[in-house]
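Chain and residue survey
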Amino acid sequence: MLRPIFFIFLIISLLLLIKVILPITKMPYINGFTIANISIISAVVSAQVVFYNAIIVDETGLRRDEFSSYMFLIIVVLAFINPLVYFYKENKK
């Protein structure tokens, strides 16, 4: 039902992780503050989507979607890993 939103946040988190791990070009607008904010926003919005998905499923009497729950957990893990990797690589320089 709300899977496309999870897919979008998953793709954003994966692209951000790739950008952090493989700095192809130096982008001045991608810094620690940007990485942390994107990670926090994606985790918070994903949590809201899980909450609203649960309300919709409960009200309509549908079955719970386990796949969306797993995608939420992956997004939260990536949201935690992205800033850690960025700050680790910055301190290593």
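Residues numbered from 1 in each chain as written. Predicted model: local features only at pLDDT ≥ 70, side-chain atom pairs only at ≥ 80, totals over all residues. Heavy atoms only, no water.

Tracing the backbone through its elements, the reader meets Ala-54 in helix 2 (residues 32-60). The class of Ala-54 is partly exposed, set by a relative accessible area of 45%. (Helix = DSSP H or I, 4+ residues; strand = E, 2+ residues; numbered from the N terminus. Buried < 20%, exposed > 50% of the residue type's maximum accessible area, 1.4 Å probe, protein only.)

Attention now goes to the pattern of salt bridges. Taken as a whole, this structure holds 1 salt bridge when the rule is applied. The partner of Arg-63 in a salt bridge is Glu-66, with the nearest N and O atoms 3.3 Å apart. Overall, Glu-66 belongs to the partly exposed group, its relative accessible area being 28%. (Salt bridge = Lys/Arg side-chain N within 4 Å of Asp/Glu carboxyl O.)

Below, the discussion takes up a nonpolar patch on the surface. A cluster of nonpolar side chains, namely Phe-7, Ile-11, Leu-15, Ile-18, Ile-21, Leu-22 and Phe-67, defines an oily patch on the protein surface of about 660 Å² accessible area. Counting residues per element, the nonpolar patch draws most heavily on helix 1 (residues 3-21), which supplies 5 residues. Position of Ile-11 relative to the elements: it lies in helix 1. (Patch = residues over 30% accessible without salt bridge, like charges linked within 9 Å, V, L, I, M, F, W, Y side chains within 5 Å. Areas by Shrake-Rupley, 256 points an atom, 1.4 Å probe, with all protein chains shown as cover.)

Here helix 3 (residues 66-92) spans 39 Å end to end across 27 residues, near enough to the 39 Å set by a 1.5 Å rise per residue. For helix 3, the complete set of buried residues consists of Ser-68, Met-71, Phe-72, Ile-75, Leu-78, Ala-79, Asn-82, Pro-83 and Tyr-86. Taken together, the buried residues of helix 3 touch helix 1 and helix 2. (Expected span 1.5 Å × (residues − 1). Contact = heavy atoms within 4.5 Å.)

Relative to the helices and strands, Ser-68 is located in helix 3. Look at Ser-68 and you get buried, because its relative accessible area is 2%. In contact with Ser-68, other than residues within four places in its own chain, are Arg-3, Phe-6 and Asn-53.

With that settled, the discussion passes to the packing of aromatic side chains. Under the counting rule described, the total for this entry stands at 3 aromatic pairs. Pairing Phe-7 with Phe-67 gives two aromatic rings, centres 6.2 Å apart and planes at 50 degrees, and the pair type is tilted. With Phe-7 in helix 1 and Phe-67 in helix 3, this residue pair connects regions lying 60 residues apart in the sequence. Under the relative-accessibility criterion, Phe-7 is labelled partly exposed at 39%. Take Phe-67: its relative accessible area is 37%, and that puts it in the partly exposed class. An angle of 75 degrees between the planes, with centres 5.4 Å apart, marks the rings of Tyr-86 and Phe-87 as edge-to-face. (Phe/Tyr/Trp six-rings, centres within 6.5 Å; stacked < 30°, edge-to-face > 60°.)

Here we come to the environment of Asp-58. Here Asp-58 lies in helix 2. Classification of Asp-58 as exposed rests on a relative accessible area of 61%. Linking Asp-58 and Leu-73, residues 15 residues apart in sequence, is a C-alpha distance of 21 Å.

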